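Residue-level structure breakdown
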Amino acid sequence: MKLTTNRLNLTPISSTDSLWFHELNINPQVRKYLWDDEVISESLANDIVNESIRLFNKNQWGLWKIDSAKNQIGYAGLWNFFDEPQPQLLYVIDPKHTRNGYAKEASQSVIKHTFEKLKFNYLIASMDEANIASIKVCESLNMSKKETKKIDGSPIVFYQIDNPTY
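The structure contained in this document is the topic of the report that follows. Here the residue numbers are simple positions, counted from 1 along each chain's written sequence. Confidence filtering applies because this is a predicted model: local features only for residues at pLDDT of at least 70, side-chain atom pairs given and counted only at 80 or more, and all residues used for totals across whole chains, interfaces and linings. Only heavy atoms go into the side-chain values, all of them from the structure, while hydrogens and water stay out.

**Quick word on the environment of Glu 38**
We count it as follows: Helix and strand labels come from DSSP, where a helix needs a run of H or I of at least four residues and a strand needs a run of E of at least two; each type is numbered from the N terminus. Think of it in three bands: with a 1.4 Å probe and only protein chains considered, a residue is buried below 20% of the maximum accessible area for its type, exposed above 50%, and partly exposed in between.
Residue position: Glu 38 is located in the loop between helix H2 (28–34) and helix H3 (42–59). The partly exposed category is assigned to Glu 38, whose relative accessible area is 45%. Each C-alpha atom, one on Glu 38 and one on Pro 28, is 9.0 Å from the other, the two residues being 10 residues apart in sequence.

This is how it looks when you write it as structure tokens:
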């Protein structure tokens, strides 16, 4: 289930991406907000990749690897967080490729898939309150701030975009 934009190709993460996925997620700038600064194990990274493959087979959603013409940029997709009733938007861009609009561009493609193919009524994205870059991406996607919750002692901001056809 490939998604494309003007500059990017998004393909479901596969088992051959496990090492790349692990290396990206242990990058200090990535893990700061996504993993509460924890260095995840290769085993956990592999488990996440396998779960994404299972979710694509079952639900037509999971994590897409983002590639440009020359580089692996990061990943974006839908993932279950906290106790939310449906998966949330997630995007991770390799720090070498930030500030190029890739997170917004990839997220727009995922949002379109979510509303047009999966028929979700809305989509949520959540992030640490201190993650200003992710907040700016959500705002550029016309997502609205809904609330801030304390989760495990940290303030988490929730943004939402509604499906315009509902």
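Once you've had a look at it, read on.
**Regarding the layout of surface pockets**
Counted only if it meets this: Method remark: on a 1 Å grid restricted to protein atoms, a set of points is classed as a cavity if a 1.4 Å probe fits but cannot get out and as a pocket if it is open with protein on both sides within 12 Å along at least five of seven lines; lining residues have an atom within 4 Å of a point. Grid points are joined across faces, edges and corners, and a volume is the space filled by probe spheres set on the points. We call Asp, Glu, Lys and Arg charged. Ala, Val, Leu, Ile, Met, Phe, Trp, Tyr, Cys and Pro are nonpolar, and the rest, Gly among them, are polar.
Taken as a whole, the largest pocket holds about 1300 Å³ of empty space. Forming the walls of the largest pocket are 43 residues, and the residues nearest its centre are Val 30, Tyr 33, Tyr 91, Asn 131 and Ser 134. Looking at the lining of the largest pocket, the elements with two or more residues in it are H2, strand E4 (72–79), strand E5 (88–93), helix H4 (102–116), strand E6 (122–128), helix H5 (132–140) and strand E8 (154–162). A volume near 180 Å³ is recorded for the second largest pocket. Listed by contribution, the elements that provide at least two residues to the lining of the second largest pocket are strand E1 (3–4) and H4. Counting residues per element, the lining of the second largest pocket draws most heavily on H4, which supplies 5 residues. Residue classes in the lining of the second largest pocket are distributed as 2 nonpolar, 5 polar and 4 charged.

**What to know about the pattern of salt bridges**
Let me state the cut-off plainly: The salt bridge definition used is simple: a Lys or Arg side-chain nitrogen within 4 Å of an Asp or Glu carboxyl oxygen.
Considering all chains together, one arrives at 6 salt bridges under this definition. With a shortest N-O distance of 3.2 Å, Asp 37 and Arg 31 are connected by a salt bridge.

**Brief notes about the side chain of Ser 134**
Rules: The contact definition used throughout considers only heavy atoms, calling two residues in contact when any of these lie within 4.5 Å.
Position of Ser 134 relative to the elements: it lies in helix H5. Sequence-distant contacts of Ser 134, that is, excluding residues within four places in its chain, are made with Tyr 91 and Met 127.

**Side note on the packing of helix H1 (residues 18–25) against H3**
For clarity, the cut-off: Between N-to-C directions, angles span 0 to 180 degrees; the directions come from axes that are lines fitted to C-alpha atoms, helices contributing only their stretch in contact. In these notes the angle categories are as follows: under 35 degrees is roughly parallel, over 145 is roughly antiparallel, 65 to 115 is roughly perpendicular, and the rest is oblique. A crossing counts as left-handed when the near helix is turned anticlockwise from the far one by less than a right angle, and as right-handed when that turn is clockwise.
Running from amino to carboxyl end, H1 crosses H3 at an angle of 120°, the nearest separation of the two axes being 9 Å. Between H1 and H3, the angle is such that the two are oblique. For the pair H1 and H3, the crossing hand works out as right-handed. Across the interface between the two elements, Ser 18, Phe 21 and His 22 of H1 pack against Glu 42, Ala 45, Asn 46, Ile 48 and Val 49 of H3.

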